[in-house]
Amino acid sequence: MFKIFKITIISFILCFLLVPKTFCYQEVSSQYASERMDLISSSLDDVERRNSRKIDYTKKPMKGSYPQSVTQTPKNYDNDINRIRTANPFRDITPKEKTSHKNSTIEFGQENSLITYTEPNFMREKGHMHGIFGSITYRPTENKQPETLNEYFTEDSGVNVFKLDAKMSWGRVNYSSSQGTLDSLEDSMFELRGLIGYDFPAKETRFTPYMGLGLRYLKNDLRGTIVQPDLTEAKGYRRSSRYFYLPIGLDTTTMLQNDISLGFNFEYDFLINGKQKSHLEDIDSGFDTLTNGQGTGFGLKSSISFKKDFQNYLLFIEPFYRYWNIADSEISPVYYEEIEVGSGLEPKNNSTEYGFKIGLDF
């Protein structure tokens, strides 16, 4: 009897100790199984959304989705089984920032050149010029590289280059003609242009056709006394030329190694209107200034530039060639003390200029 009672007491104690632990284990196991099923279901939903392209794996998961993030490797990224076993199906990616283009650049420097002006069968001037130049270029948007020809003319691409440039140069030239010679005569030149352009990016090269309006002003001081071959004297006078012209050109820029770029420029200048003034009053105060209109002519420009990028600025050198060809001007009357005594014109002429520019681009 006592033995049966002892067995009963021991059984009761074991039940008291073991049964709650069993219930707890079953409760924890049930909760773990539920969370595991939720994780697997969520991962399978992600797989389905990925296959239907309704999910972007470059984005980070929402807060609370998973306790930690991992980086998928190319080896297991497309493996659905590995994705279910991984704590986070999303890749932790920080997109690389795209290098932004400069909206505006400022360029300035100095130039040196050799200029030759010729009036066939009349006279010739030749000398050295030096001066300064500057420009401001503004690009409000950056045209994307197109895949087809039609994409060049979509709303994503368009006129995006606005440029204002100017230069001033001066020097001394030597004059020679059948009448005689004069040395060290003063020459000065000023030029101002406004341009608009359109970028065509293509791999390593950017093409920029452009057009605009230009003003060129040249002043030539021929004052002096020339002793002619017959020993008679002839006096010179001041002259000035003013051209309004339409520049049409193409700029190219190609990126090379070591932060060096190579650029080419080709330009045709169409003369819209020109005016030549000859200050005959320098010969005799009784003369009036002779003014001749010029409406036929053209100019050509070409250059090649080498630029080195030093992060905060670019250093460049640019050899150039410039050419102008102007036809005979209109014939205008010559007045002496308000009386017409003859007529005069500015004969056809051409000028060539070789030189180089050196400067900085910010």
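To be clear, the structure that these remarks concern was listed above.
Here is a short report on the structure shown in this document. (Residues numbered from 1 in each chain as written. Predicted model: local features only at pLDDT ≥ 70, side-chain atom pairs only at ≥ 80, totals over all residues. Heavy atoms only, no water.)

## Concerning a negative patch on the surface
Here's step 1: On the surface, D284, D288, E337 and E338 cluster together into a patch of negative charge.
Here's step 2: Structurally, D284 is set in the loop between strand 10 (260-278) and strand 11 (290-294).
Here's step 3: Note on D284: relative accessible area 30%, which makes it partly exposed. (Patch = residues over 30% accessible without salt bridge, like charges linked within 9 Å, V, L, I, M, F, W, Y side chains within 5 Å. Areas by Shrake-Rupley, 256 points an atom, 1.4 Å probe, with all protein chains shown as cover. Salt bridge = Lys/Arg side-chain N within 4 Å of Asp/Glu carboxyl O. Lys, Arg positive; Asp, Glu negative; His and termini not counted. Charge placed at Lys NZ, Arg CZ, Asp CG, Glu CD. Helix = DSSP H or I, 4+ residues; strand = E, 2+ residues; numbered from the N terminus. Buried < 20%, exposed > 50% of the residue type's maximum accessible area, 1.4 Å probe, protein only.)

## Digging into the pattern of salt bridges
Here's step 1: One pass over the structure, following the stated rule, counts 16 salt bridges.
Here's step 2: Where K307 meets E107, a salt bridge forms, and the shortest distance between an N and an O atom there is 3.9 Å. With K307 in strand 12 (residues 297-309) and E107 in strand 1 (residues 104-119), this residue pair connects regions lying 200 residues apart in the sequence. When sorted by exposure, K307 lands in the same class as E107, which is buried.

## What about the side chain of R239?
Here's step 1: Mapping R239 onto the fold places it in strand 9 (residues 238-255).
Here's step 2: With relative accessibility at 8%, the residue R239 sits in the buried group.
Here's step 3: Looking at R239, its side chain comes within polar contact range of the side chain of E119, at 3.0 Å.
Here's step 4: Among the polar contacts made by the side chain of R239, one reaches the side chain of E346 at a distance of 2.9 Å.
Here's step 5: With sequence-adjacent residues up to four places away left out, R239 is seen in contact with Y117, E119, M123, L218, K219, N220, L222, Q276, K277 and E346. (Polar contact = N/O pair within 3.5 Å; in protein donor to acceptor, adjacent residues only side chain to side chain. Contact = heavy atoms within 4.5 Å.)

## Observations concerning the pairing of strand 10
Here's step 1: The pairing of strand 9 with strand 10 spans 17 bridges and is classified as antiparallel. Across the sheet, residue G249 finds its bridge partner in strand 10, namely E267.
Here's step 2: With 11 bridges connecting them, strand 10 and strand 12 associate as antiparallel partners. Note that in strand 12 the partner of L262 across the bridge is F306.
Here's step 3: Pairing of strand 10 with strand 11, which is carried by 5 bridges, proceeds in the antiparallel orientation. Across the sheet, K275 pairs through a bridge with G293, a residue of strand 11. (Pairing = 2+ DSSP bridges.)

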